[in-house]
Amino acid sequence: MSHPAADTEPAQPPPADDHAFFGQPRGLMTLSGLEVWERFSFLGMQAILVLYFADTVANGGMGMEAGTAASVSAAYGTLVYLVSVAGGWLADRILGSYRAVLYGGILIACGHYAMAVPTDAMTWVGLGLISAGTGLLKPNVATMVGKLYRTDDERRDAGFALYYMGINIGAFLGPLITGWLGDHASWHWGFSAAAFGMTLGLIQYVAGRRHLAGRKHAAEYALAPGPMRRAVLLIAVGAVVVAAVATALALAGWLTMDRFVDVLTLISVIAPVVYFVVMFRSPRVTHEERGRLRPYVVLFLASVVFNFILFQAYSTMMLLASTNARTKIFGFHFPASWYASALGAFEVLLAPVVAAVWARMGPRQPHASNKIAIGVILGGLSFLLMVLPTSGHSGDTYKMAAWWIVGSYLLLGLGDILLETSGMSATTKLAPKAFASQTMALWFLSLALANGIQAQIVKLYGEVSNPAYFGVNGAVAVVAGVAVIAAAPWLKRTMHPVH
């Protein structure tokens, strides 16, 4: 069936002479701008979400216990990354990347607007919409960035560096605005700011769409018309059935919040196990590729351990900051949620430094597995650092200096830079060719599992002493990082072509 000329355009990247945005294609400005506002809204909301859950009903919160609040917040993160696996498939097979990102952004904005309405029901509706929207948007924006460049374009790495800087700028700004509004107005005003930010991101995304490669194309690996209709019908019916069953179980009193969290954790454990089993047993995976999968399992687990610590920057660390950290520096009072901005600020500042160090070291730089291991160790040390200011107090009314949490976030931010960049690179190189288009799904499953485990462990927060909580979790991460370093000789042999 033919299509009008207006609806077709080559799927190739823009011409190599497009240097309009700091020497990069114009489309990078559009996608980086979208990520600034998406991270502004997502992390701005997440910085105050656990505080909103734990705040008293009289103050406009939901009155949860600290451990429950952190667990529900982690379960939300689990859902986001589980849905992201499906979001990549929907873009590949049905929607196409441009429409997947657009529809995802619309759902995210609607979710934040829903959370701006001060009722518990709208909070849950909003979180559901944001989970679905982020699942569509997040895995596909990076794919669109890659489409801006030809395979041999030397600007690609620098372009991705600019793109990730945009992510961290949003991560820095979001908690500043939402946190101030949550502290000085109400939590729902903070959620409104997140909604406004996502709306701005969508506007500039649509306005700059002409600079995006292949924006008018359907899915790159689209299903045939018949299977596509069946897939859409199955998805729609499945969503309705799941919603109806969940509602019925909730009304019957069986599907409690605790059980819902447990179900998500169980899915986050089962999904990667099934994924790896399928890959190891697939006849499309060669013996050599199967050999490279074994070391990747180690790196996958290292990512889980590190991100288990990292994601608590927006849960237990926020709760600790709100109750036991000073919120005044040089006479200036600030909301506790502003601590979350330190993480984004450190990553913006340290990323170019780390890149320069690796470039200067050249072939002498550490192997990718050692970079990941160091990242995990730094994550563990960020928690072990918190043992010092939380120890030796007779009660829970003490206040630690702000620099303790800032220092913890410094270690965590540096660890994140080391692990995320090396981990993503290793994922793309070690995944079997038959599963190459699903490498992002693998990475998101490690993030989902980290959140799923966190949803269970954080229930202990407030039940055990703070030194014990941070000390044990930090020590486990350090031991895991040391174990990866100990396995370095085997990893170096089996991870070829990763260096």
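Residues numbered from 1 in each chain as written. Predicted model: local features only at pLDDT ≥ 70, side-chain atom pairs only at ≥ 80, totals over all residues. Heavy atoms only, no water.

Within the protein chain, the secondary structure is distributed over 17 helices and two strands. For 499 residues, the compact-globule formula gives about 23 Å, and the C-alpha radius of gyration of the protein chain, at 22 Å, lands near that figure. Taking the principal axes of its C-alpha atoms as reference, the protein chain extends roughly 75 × 55 × 45 Å. Split into buried and exposed, the 499 residues of the protein chain put 51% on the buried side. Pairs at least 24 residues apart make up 82% of the contacts formed inside the protein chain by residues separated by at least 6 positions. With an accessible surface of roughly 22200 Å², the protein chain has 68% of that area assigned to carbon and sulfur atoms. For the protein chain, the distance from the average site of its 32 positive side-chain charges to the average site of its 25 negative ones is 7 Å. (Helix = DSSP H or I, 4+ residues; strand = E, 2+ residues; numbered from the N terminus. Rg over C-alpha atoms; globule rule 2.2 N^0.38 Å. Buried < 20%, exposed > 50% of the residue type's maximum accessible area, 1.4 Å probe, protein only. Contact = heavy atoms within 4.5 Å. Areas by Shrake-Rupley, 256 points an atom, 1.4 Å probe, with all protein chains shown as cover. Lys, Arg positive; Asp, Glu negative; His and termini not counted. Charge placed at Lys NZ, Arg CZ, Asp CG, Glu CD.)

We now examine the nonpolar core. With 102 residues, the main nonpolar core has M45, F53, Y339, I405, Y409 and F470 as its most contacted residues. A per-element tally of this core places helix α14 (residues 402-430) first, with eleven residues. Filtering out sequence-adjacent residues up to four positions away, F470 remains in contact with T316, M317, L320, F383, L384, M386, V387 and Y461. I108, M144, M198 and Y205 belong to the second largest nonpolar core, which has 23 residues in total. (Core = buried A, V, L, I, M, F, W, Y, C linked by side-chain atoms within 4.5 Å.)

Turning to the environment of R229, a few remarks are in order. Among the secondary structure elements, R229 is positioned in helix α7 (residues 225-251). R229 sits in the exposed class, given a relative accessible area of 59%.

By the element assignment, H188 lies in helix α6 (residues 187-207). Of note is the side chain of H188, whose polar atom sits 2.7 Å from the backbone oxygen of M115. Apart from the residues lying within four places of it in its own chain, the contact partners of H188 are Y52, G60, M115, A116, V117, P118, T119 and T123. (Polar contact = N/O pair within 3.5 Å; in protein donor to acceptor, adjacent residues only side chain to side chain.)

The quantities given are spatial measurements derived from coordinates; they are silent on function.
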